[in-house]
2 protein chains.
Amino acid sequence: MIDIKTLILVAHPELASSQTQQFLKASAAGLPDVTWHHLDAITTPDVAAERELLVEADRIIFQFPLYWYNVPASLNAWMAAVLTSPFIAGAGQSEQPLAGKTVGVVVNTGMPAKAFQAGGEVGFTLDALLTPLRALAQMAGMKWQPIFAINQFANFRDAEQQKLLVAYQRYLTQPTPDTLSSRLAWFEQRLQALVAKLPANQQQQGQLILSTLQQDQADYADLKATVAMLKEGSDDLG
Amino acid sequence: MIDIKTLILVAHPELASSQTQQFLKASAAGLPDVTWHHLDAITTPDVAAERELLVEADRIIFQFPLYWYNVPASLNAWMAAVLTSPFIAGAGQSEQPLAGKTVGVVVNTGMPAKAFQAGGEVGFTLDALLTPLRALAQMAGMKWQPIFAINQFANFRDAEQQKLLVAYQRYLTQPTPDTLSSRLAWFEQRLQALVAKLPANQQQQGQLILSTLQQDQADYADLKATVAMLKEGSDDLG
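Below, the structure is looked at part by part.

Each value, and the rule that gives it
- Each chain has its residues counted from 1, running along the sequence as written.
- Chain letters start at A and ligand numbers start at 1, both assigned in the order the entries are written.
- Totals for whole chains, interfaces and linings use all residues, but because this is a predicted model, local features are given only for residues with pLDDT of at least 70 and pairs of side-chain atoms are given and counted only at 80 or more.
- Derived side-chain values reflect all non-hydrogen atoms in the structure, with water molecules and hydrogen atoms excluded from consideration.
- Alignment of copies: least-squares fit on C-alpha atoms of residues with pLDDT of at least 70 in both copies.
- We call two residues in contact whenever any of their non-hydrogen atoms come within 4.5 Å of each other.
- What counts as a helix is a DSSP run of H or I of at least four residues, what counts as a strand is a run of E of at least two, and both are numbered from the N terminus.
- Pairing of aromatic rings covers Phe, Tyr and the six-membered ring of Trp, with a centre-to-centre limit of 6.5 Å; geometry is then stacked below 30 degrees between planes, edge-to-face above 60, and tilted otherwise.
- For every residue, the accessible area obtained with a 1.4 Å probe (protein chains only) is divided by the maximum for its type, and the residue is called buried under 20%, exposed over 50%, and partly exposed between those limits.
- The rule is short: NZ of Lys or CZ of Arg within 6 Å of the ring centre and within 35 degrees of the ring normal puts a charge over the ring.
- The angle between two axes is taken between their N-to-C directions and runs from 0 to 180 degrees, where each axis is a line fitted to C-alpha atoms and a helix contributes only its stretch in contact.
- If an angle is under 35 degrees, it is roughly parallel; if it is over 145, roughly antiparallel; if it lies from 65 to 115, roughly perpendicular; otherwise it is oblique.
- Throughout, a crossing is termed right-handed when the near helix is turned clockwise from the far one, and left-handed when it is turned anticlockwise from it by less than a right angle.
- Here a salt bridge means any side-chain nitrogen of Lys or Arg lying within 4 Å of a carboxyl oxygen belonging to Asp or Glu.
- Once two parts are put together, the accessible area they lose, assessed with a 1.4 Å probe and summed over both, is termed the buried area.
- Definition of a polar contact: a pair of N or O atoms within 3.5 Å, with one able to donate and the other able to accept a hydrogen when the atoms are protein atoms, and with sequence-neighbouring residues admitted only if both atoms are side-chain atoms.

Between chain B and chain A, the superposition needs a rotation of 180° and an axial shift of 0.0 Å, giving an RMSD of 0.1 Å. Taken together, these values place the two copies in the relation of a two-fold axis. When C-alpha positions in chain B are compared against the rotation axis, the closest is assigned to A73(B), at 2.2 Å. Comparing interface residues between copies, 100% of those in chain B also sit at the interface in chain A, which points to an isologous, same-surface contact.

We now examine the side chain of N76(A). Tracing the sequence through the fold places N76(A) in helix α3 (residues 73-82). For N76(A), the contacting residues outside a window of four places in its chain are V71(A), N70(B), V71(B), P72(B), A73(B) and N76(B).

Evaluated as defined, the whole model comprises 12 aromatic pairs over all chains. Measuring from ring centre to ring centre gives 5.9 Å for W68(B) and Y69(B), while their planes differ by 75°; the resulting arrangement is edge-to-face. Residue class for Y69(B) comes out buried when judged on its relative accessible area of 7%. Ring geometry for W186(B) versus F187(B): centroids 5.2 Å apart, planes at 85°, classification edge-to-face. A relative accessible area of 4% places W186(B) in the buried class. Through a chain of ring-to-ring contacts, three or more aromatic side chains come together here, namely F23(A), F153(A) and F156(A). Over the face of the ring belonging to F87(A) we find R51(A), whose NZ or CZ atom lies 5.0 Å from the ring centre.

A few words now on the packing of α3(A) against helix α3 (residues 73-82) of chain B. The relative placement of two packed helices is expressed as an angle between their axes plus a distance between the axes. α3(B) packs onto α3(A) with a crossing angle of 165° between their chain directions and a minimal axis gap of 8 Å. For the element pair α3(A) / α3(B), the angle class is roughly antiparallel. Note on packing geometry: the crossing formed by α3(A) with α3(B) is left-handed. The residues of α3(B) that touch α3(A), namely those facing A73(A), N76(A) and A77(A), are A73(B), N76(B) and A77(B).

Glancing now at the pattern of salt bridges. Should their charged atoms come close, side chains of opposite charge can pair. Residues and elements named next belong to chain A. The final tally for this structure, using the stated rule, is 4 salt bridges over all chains. A salt bridge links D178 to R183, with the shortest nitrogen-to-oxygen separation between them at 3.1 Å. In this structure R183 comes out as partly exposed when scored by relative accessible area, which is 26%. Here the residues in one salt-bridge network are R170, D178 and R183, joined through shared partners.

Another point: the interface of chain B and chain A. If you look at the interface, chain B gives 29 residues, while chain A gives 29 residues. Taken together, the two surfaces of chain B and chain A that pack against each other cover about 2,400 Å², and 69% of this comes from carbon and sulfur. Looking at the side of chain B facing chain A, the largest losses of area belong to W68(B), F124(B) and M139(B), adding up to 29% of the total buried there. Taken together, the connections running from chain B to chain A amount to 0 salt bridges. Linking chain B with chain A are 8 residue pairs in polar contact (both at pLDDT 80 or more).

Encoded structure:
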């Protein structure tokens, strides 16, 4: 099991009354090595402590609702207080404290996904709107994890909420990039944890499901090797 | 004389100690119909009064230092408090209160201009970084005035400061787009105001300078008409 430490920096001025954020909080609650950190709850940040949280994490998630096509003021204020140029870009020959870590964004909006494109209601993509965060990540030498957008959560039915729960948990804890093999490995790990918690009389059935998934993974690995071999053969002909 | 009312929304948490902002404040001070409005000085915005300021203006300028490649928190907080969806996008069949107005951005940064491009130190243009403001302007039906950037003001010598002063005053008050004829008209208007203030014994010399500029403008208009005629002629041949 790969041990990824994830830090979620949540910026939301009215967290308690946000359906979306409460759903996400509950979804993240059971996960090992995931820290939920609410920035609006901090009046005066302890800069050293905040930086230590960042340095200890492997993955840093900015999570917030889009406010006028931008991050909320509390996230900007936290950045201005906690981040300095040497901490992000390094000073002289010193190392960059956050280099090599992964940075992700979980953003919820009140508009449909199609609004965020040229010709759409907003007319700009979330990638474009959140360019400031991309510039920060680049300056810090961090890897960018594709944005996780939640549009119009209020309209989600139960099945969509269940899908969101799993997708969000994967976004927080699955190794990047999001390939089929890392997805399968993630599900196997989650299933193993579930099976371990089953009562004795259901262990056999749990193990059966687990071994099926493991067989799928082995089949997938075989298939991938075959495709690679065929591709190599056709390259030789070319 | 075209009467343009300009509102400068200044977001800067330490305005008094900012060399750049103090210079800009002095540069804007003498201009007619220009209102300087410091957002950080407002603790709880009077929403109705703030909106009235916006509605009364023909040109709205967001002025701020770039903080981690984004607007300062105080600007975001002001937007969240003052702007609502009906006020920006209109509600149903109602008009958009800000539609047709001009929106500009005066942004100062601590990096050289060349940092703000692909492959540069920041790697993104100011246009890209300030996409949230562009999205807001588009949603409000406002005209976008190209960004006015001031990079590394601390390095400016006297001559550069003088150039900046005039360029900034033009940005605040000159009709858009920034063509040669609107530039000439702006200078004539400024010169007229200056000449009017001269003592009686220098009026004649002032009028002479003014009439030279007016002759230049007339020549320019003639030249433009000639070029248009020639162009029409060559179109007929095509």
